[in-house]
Amino acid sequence: MPTYGPIGYDLDLESPGKRIANVHLTHSDNQHAMSIVPIPMAVISSGEGPTVLLCAGTHGNEYEGQVILRELVRELNPDSINGRVIVMPSLNMPAVREDTRVSPLDGSNLNRVFPGGPKQGPTAAIAGFIAELILPLCDAGIDIHTGGNTTTFAPLVFLCRCDDDEVFAQSAALARAFGAPWTYLVTGVQDEGGFDPCAQSQGVKFISTELGGGARLGRNSLSIGRRGVRNMLTHLGVMESDDHSGDEPNTRYLSDQGPSGSLISENSGFLETLLEPGTKVAKGDVVARVHPLENGFEPSVTLHAPRDGVIVAQRTKVHIKHGDIVLIVANEIDEDALYL
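Residues numbered from 1 in each chain as written. Predicted model: local features only at pLDDT ≥ 70, side-chain atom pairs only at ≥ 80, totals over all residues. Heavy atoms only, no water.

Trainee: If you had to explain the overall build of the protein chain to someone new, which residues and values would you point to?
Mentor: Across its full length, the protein chain holds 6 helices and 20 strands. Relative to the compact-globule value of 20 Å for 340 residues, the protein chain shows a C-alpha radius of gyration of 21 Å, a close match. With respect to the three principal axes, the spread of C-alpha positions in the protein chain is 65 × 55 × 35 Å. Relative to its full complement of 340 residues, the protein chain shows a buried share of 51%. Counting contacts in the protein chain only where the partners sit at least 6 residues apart, residues at least 24 apart contribute 72% of the total. Just so you have it, the protein chain exposes about 15300 Å², and 48% of that area is on carbon and sulfur atoms. Separation of charge centres in the protein chain, based on 25 positive and 42 negative side chains, amounts to 5 Å. (Helix = DSSP H or I, 4+ residues; strand = E, 2+ residues; numbered from the N terminus. Rg over C-alpha atoms; globule rule 2.2 N^0.38 Å. Buried < 20%, exposed > 50% of the residue type's maximum accessible area, 1.4 Å probe, protein only. Contact = heavy atoms within 4.5 Å. Areas by Shrake-Rupley, 256 points an atom, 1.4 Å probe, with all protein chains shown as cover. Lys, Arg positive; Asp, Glu negative; His and termini not counted. Charge placed at Lys NZ, Arg CZ, Asp CG, Glu CD.)

Trainee: How would you explain a negative patch on the surface if you had to name every residue and give the values?
Mentor: Together, Asp163, Asp164, Asp165 and Glu166 give the surface a local cluster of negative charge. By relative accessible area, Glu166 is classed as exposed at 55%. (Patch = residues over 30% accessible without salt bridge, like charges linked within 9 Å, V, L, I, M, F, W, Y side chains within 5 Å. Salt bridge = Lys/Arg side-chain N within 4 Å of Asp/Glu carboxyl O.)

Trainee: So what's going on with the sheet that holds strand S14 (residues 269-273)? Which residues, and what values?
Mentor: Read across the open sheet, the 4 strands follow the order S17-S16-S14-S19; overall the sheet is antiparallel. Each having just a single partner strand, strand S17 (301-304) and strand S19 (319-320) make up the two edges of the open sheet. Relative to strand S16 (residues 286-292), S14 is paired through 5 bridges, and the arrangement is antiparallel. Counterpart to Glu272 in the pairing with S16 is Arg289. (Pairing = 2+ DSSP bridges.)

Trainee: Requested: an account of the pairing of S16, with residues and values cited.
Mentor: Note: S16 against S17, 4 bridges, orientation antiparallel. Bridge pairing in S17 links Val286 to His304.

Trainee: Would you mind going over the nonpolar core in detail, with residue names and values included?
Mentor: Generally speaking, a soluble globular protein has its nonpolar side chains buried in company with each other. By size, the foremost hydrophobic cluster in this structure holds 33 residues, and its most contacted members are Leu53, Met88, Ile130, Ile134 and Phe195. Contributing elements (two or more residues each) for this core: strand S3 (17-27), strand S4 (35-46), strand S5 (51-56), strand S6 (83-88), helix H2 (93-98), helix H3 (122-134) and helix H5 (195-201). Top element by residues in this core is H3. It accounts for 7 residues. Met88 has contacts with Val23, Ile39, Pro40, Met41, Leu54, Cys55, Ala56, Leu69, Phe129 and Ile130, leaving out every residue within four places of it along the chain. Membership of the second largest hydrophobic core comes to 31 residues, among which are Ile44, Phe178, Ile207 and Val229. (Core = buried A, V, L, I, M, F, W, Y, C linked by side-chain atoms within 4.5 Å.)

Trainee: Go over the pairing of S14, please, and point to the residues and values.
Mentor: Judged from the 2 bridges that link them, S14 and S19 form a sheet pairing that is antiparallel. Note that in S19 the partner of Gly269 across the bridge is Ile320.

Trainee: Residues and numbers for a nonpolar patch on the surface, please.
Mentor: Together, Phe270, Leu293 and Val318 make up a nonpolar patch on the protein surface, roughly 230 Å² of accessible area in all. Its location among the elements puts Val318 in the loop between strand S18 (309-315) and S19. By relative accessible area, which is 45% here, Val318 ends up partly exposed.

Trainee: Would you mind going over the pattern of salt bridges in detail, with residue names and values included?
Mentor: Taken as a whole, this structure holds 9 salt bridges when the rule is applied. When the shortest N-O distance is used, the salt bridge between Arg101 and Glu62 registers 3.5 Å. Of this pair, Arg101 sits in the loop between H2 and H3 while Glu62 sits in the loop between S5 and helix H1 (64-75), placing them 39 residues apart in sequence. For Glu62, a relative accessible area of 3% corresponds to the buried category. In this structure, the salt-bridge partner of Arg289 is Glu272, at a minimum N-O distance of 3.4 Å. In this pair, Arg289 sits in strand S16 while Glu272 sits in strand S14, placing the two residues 17 residues apart along the sequence. Classification of Glu272 by relative accessible area gives partly exposed; the value is 29%. Residues joined by salt bridges that share partners form a network here, namely Arg252, Lys280 and Glu332.

Trainee: Lay out the environment of Leu54 with the relevant residues and their values.
Mentor: Structurally, Leu54 can be placed in strand S5. Exposure remark for Leu54: the relative accessible area of 0% places this residue in the buried category. Every residue in contact with Leu54, bar those within four places of it in the chain, is listed here: Leu69, Leu72, Val85, Ile86, Val87, Met88, Ile142, Val229 and Met232.

Trainee: How would you sum up the environment of Asp308? Please name residues and give values.
Mentor: Here Asp308 lies in the loop between S17 and S18. The exposure class of Asp308 is partly exposed, given its relative accessible area of 46%. Taking the C-alpha atoms as reference points, Asp308 and Lys283, separated by 25 residues in sequence, lie 4.7 Å from one another. With near-sequence residues (within four places) excluded, Asp308 lies in contact with Val281, Ala282, Lys283, Val329 and Ala330. Polar side-chain contacts of Asp308 include one of 2.6 Å to the backbone nitrogen of Lys283. (Polar contact = N/O pair within 3.5 Å; in protein donor to acceptor, adjacent residues only side chain to side chain.)

Trainee: Let's hear about the side chain of Gln200: which residues, and what values?
Mentor: By the element assignment, Gln200 lies in helix H5. Separated by 3.3 Å, the side chains of Gln200 and Ser171 make a polar contact.

Trainee: I'd like to hear about the packing of aromatic side chains, residue by residue, with values.
Mentor: As enumerated under the stated definition, the model contains 6 aromatic pairs in all. Judged by centre distance (6.3 Å) and plane angle (75 degrees), the ring pair of Phe153 and Phe158 falls under edge-to-face. Each of the two residues, Phe153 as well as Phe158, counts as buried. What links up through ring pairs into an aromatic cluster is the set Phe114, Phe195 and Phe206. (Phe/Tyr/Trp six-rings, centres within 6.5 Å; stacked < 30°, edge-to-face > 60°.)

Here's what the structure looks like:
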């Protein structure tokens, strides 16, 4: 079996057909003298067309994408596509198994270690396997995230800026085709080591998502994700459209530029949120309260929107500590502003 550091793989990526197998991550620690973590992978290919990478489970406690991509693999047949689809629905399987955001094997955040490498630990090896062996085969891709068990997002696509104008324009077209209610333009600087910038640096048009969250499988998030992945594959010419309405997917645009939109709690206690993600706010609007924990009979502390804009993400977990982010407000922009 060929290897990449601690990863063993033996999956035919070239032949037409549908193949399902596991990538094997070998690991040794105090709990296991030697163990193998199987990471599921599927390849579906037929005819001439682009290669598209579909990933989820980069953070182990984010669920919608893992369900959506498992369903898609079961449903897709080679005779229904033109090109190749590579699917890794639980990319960070060590974290998926333990229902944690980061890997329990080394405490690393997979979405902060790209491009990784074979000798930097198990999480970096997963990133390196993707960056060095899979992305060079790809024309486009998506990494499906949700807010996990502490945060809820307005359902959105993350669109990262990059230095290559053509790759950025193609990524923007991919985001538009996905058709989430919101597309959030981010610099990617704060996400150093992220999957998106790594893919774009190799000329791969790439997007990621945040589809709800809150430690549950949201019906609306699943619906948006299922439709969006198929919209994306249709846009790329891999699938024929099964939507005969003639309507183009609509998305509105947000940006992280301008004053900080993060509202940080200066108190510990119990968080009461007053508005839903996707709600427009003005600077100073009352958006949440923190009910004190230690001084239990003192009045609650009122929290205010840090800027004008749209609540793009909001803490779901009730128990909050000093320094935790309560919510993030982004500013709405026109589509033309993506290219400024």
